[in-house]
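Analysis of the macromolecular model
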Amino acid sequence: YEVLGNTVLLFAGDSTNQARVVEMLHKELQATDEPGVETVVEHVEKIVKELREQLITSYLQRYNLSPTEAKNLIALPINNPIQNKIMNVLDTASIGNQIIIAGFDENEKPRIFGLDAVDTRVQFRFTDCSGLGMHAIGSGALQALNELLFHKFSSKLNTSEILYHVYSAKKH
């Protein structure tokens, strides 16, 4: 995890990319006193896109292709397994992280944003989970969310009850 003022970032997945995201974020926000959660989300979205583009470029270099050449290649009918493999990489490249960003906006309203590894394939944007009041990441995320929804999660539950239900979900 990483704390930036009144905002917390939680990561699941590739720790190498986690360190890169945090390092790049600190560089981008060094001139900012205390960024709000939405500012942090905007910068992390940009960083995730940059890292994904670097991943794709690195992969394409194996085939001596530029991103433009690869886009032209995939516009053609698929005729060989290499072309199919390149299309698949361009479509599914992910930095291998799930991220939660929680904090307060400019009006001191609590906010929760989530980026799942699957989301990076489609939109590279964080989902605002503030309305639900919770989000989960990692291998037991679905079970944890189901457990909390089943037990009618609300801000009225105390922390020990919430942790019990999340642990119970992860255990099973």
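The rules we used
Residues numbered from 1 in each chain as written. Predicted model: local features only at pLDDT ≥ 70, side-chain atom pairs only at ≥ 80, totals over all residues. Heavy atoms only, no water. Axes fitted to C-alpha atoms, helices over the stretch in contact; angles between N-to-C directions. Helix = DSSP H or I, 4+ residues; strand = E, 2+ residues; numbered from the N terminus. Left-handed = near helix turned anticlockwise from the far one by under 90°. Contact = heavy atoms within 4.5 Å. Nonpolar A, V, L, I, M, F, W, Y, C, P; charged D, E, K, R; others polar. Salt bridge = Lys/Arg side-chain N within 4 Å of Asp/Glu carboxyl O. Buried < 20%, exposed > 50% of the residue type's maximum accessible area, 1.4 Å probe, protein only. Polar contact = N/O pair within 3.5 Å; in protein donor to acceptor, adjacent residues only side chain to side chain. Pairing = 2+ DSSP bridges. pLDDT = per-residue confidence, 0-100. 1 Å grid on protein atoms, 1.4 Å probe; cavity = no way out; pocket = protein on both sides within 12 Å on 5 of 7 lines; lining within 4 Å. Points joined across faces, edges and corners; volume = space filled by probe spheres on them.

Before going further, it helps to spend a moment on the packing of helix α3 (residues 67–75) against helix α4 (residues 81–92). At their nearest, the axes of α3 and α4 sit 10 Å apart, and the two run at 115° to each other. The crossing of α3 and α4 is left-handed. Touching Ala70, Leu73 and Ile74 of α3 are Gln83, Ile86, Met87 and Leu90, all from α4. For the contact of α3 with α4, the residue count by class is 6 nonpolar, 1 polar and no charged.

A full pass over the atoms with the stated rule returns 5 salt bridges. Arginine 111 is paired through a salt bridge with aspartate 105; the nearest N and O atoms lie 3.6 Å apart. Looking at arginine 111, the relative accessible area reads 12%, which means it is buried. The class of aspartate 105 is buried, set by a relative accessible area of 9%. One salt bridge in this structure joins aspartate 128 and arginine 111, with 2.4 Å as the shortest N-O distance. Here the residue aspartate 128 occupies a position in strand β5 (residues 127–128), and arginine 111 occupies one in strand β4 (residues 110–115), the gap between them amounting to 17 residues. Salt bridges linked by common partners bring Glu38, Asp105, Arg111 and Asp128 together as one network.

Its location among the elements puts asparagine 97 in strand β3 (residues 97–104). Given the relative accessible area of 1%, asparagine 97 is considered buried. A polar contact of 3.4 Å, which involves the side chain of asparagine 97, links it to the backbone oxygen of alanine 12. At a separation of 3.1 Å, a polar atom in the side chain of asparagine 97 contacts the main-chain carbonyl oxygen of aspartate 14.

Of the strand pairs in this sheet, strand β1 (residues 2–4) and strand β2 (residues 7–13) are connected by 3 bridges, and their pairing is antiparallel. Note that in β2 the partner of leucine 4 across the bridge is threonine 7. Hairpin geometry of β1 and β2 is characterised by an intervening segment of 2 residues between the two adjacent antiparallel strands and by a positive phi of about 60° at glycine 5. Of the strand pairs in this sheet, β2 and β3 are connected by 7 bridges, and their pairing is antiparallel. Across the sheet, residue phenylalanine 11 finds its bridge partner in β3, namely isoleucine 99.

A few words now on the confidence of the model for the protein chain. For the protein chain, the average pLDDT comes to 82, and 93% of its residues sit at 70 or higher. Helix α1 (residues 15–29) holds the highest mean pLDDT among the elements of the protein chain, 91, whereas helix α5 (residues 119–122) holds the lowest, 46.

A few words on the layout of surface pockets. For the largest pocket, the calculated volume is near 630 Å³. Taken together, 26 residues line the largest pocket, and the ones lying closest to its centre are Ile100, Gly133, Met134, His135 and Ile162. The greatest single-element share of the lining of the largest pocket, amounting to 5 residues, is contributed by helix α7 (residues 159–171). Here the second largest pocket is characterised by a volume of approximately 230 Å³. Lining the second largest pocket are 12 residues, with Arg52, Glu53, Ile56, Lys71 and Leu90 sitting closest to its centre. Of all the secondary-structure elements, those providing two or more residues to the lining of the second largest pocket are α2 (37–61) and α3. Of the residues forming the lining of the second largest pocket, the biggest block, 6 residues, is contributed by α2. The residue makeup of the lining of the second largest pocket, split by class, is 7 nonpolar, 1 polar and 4 charged.

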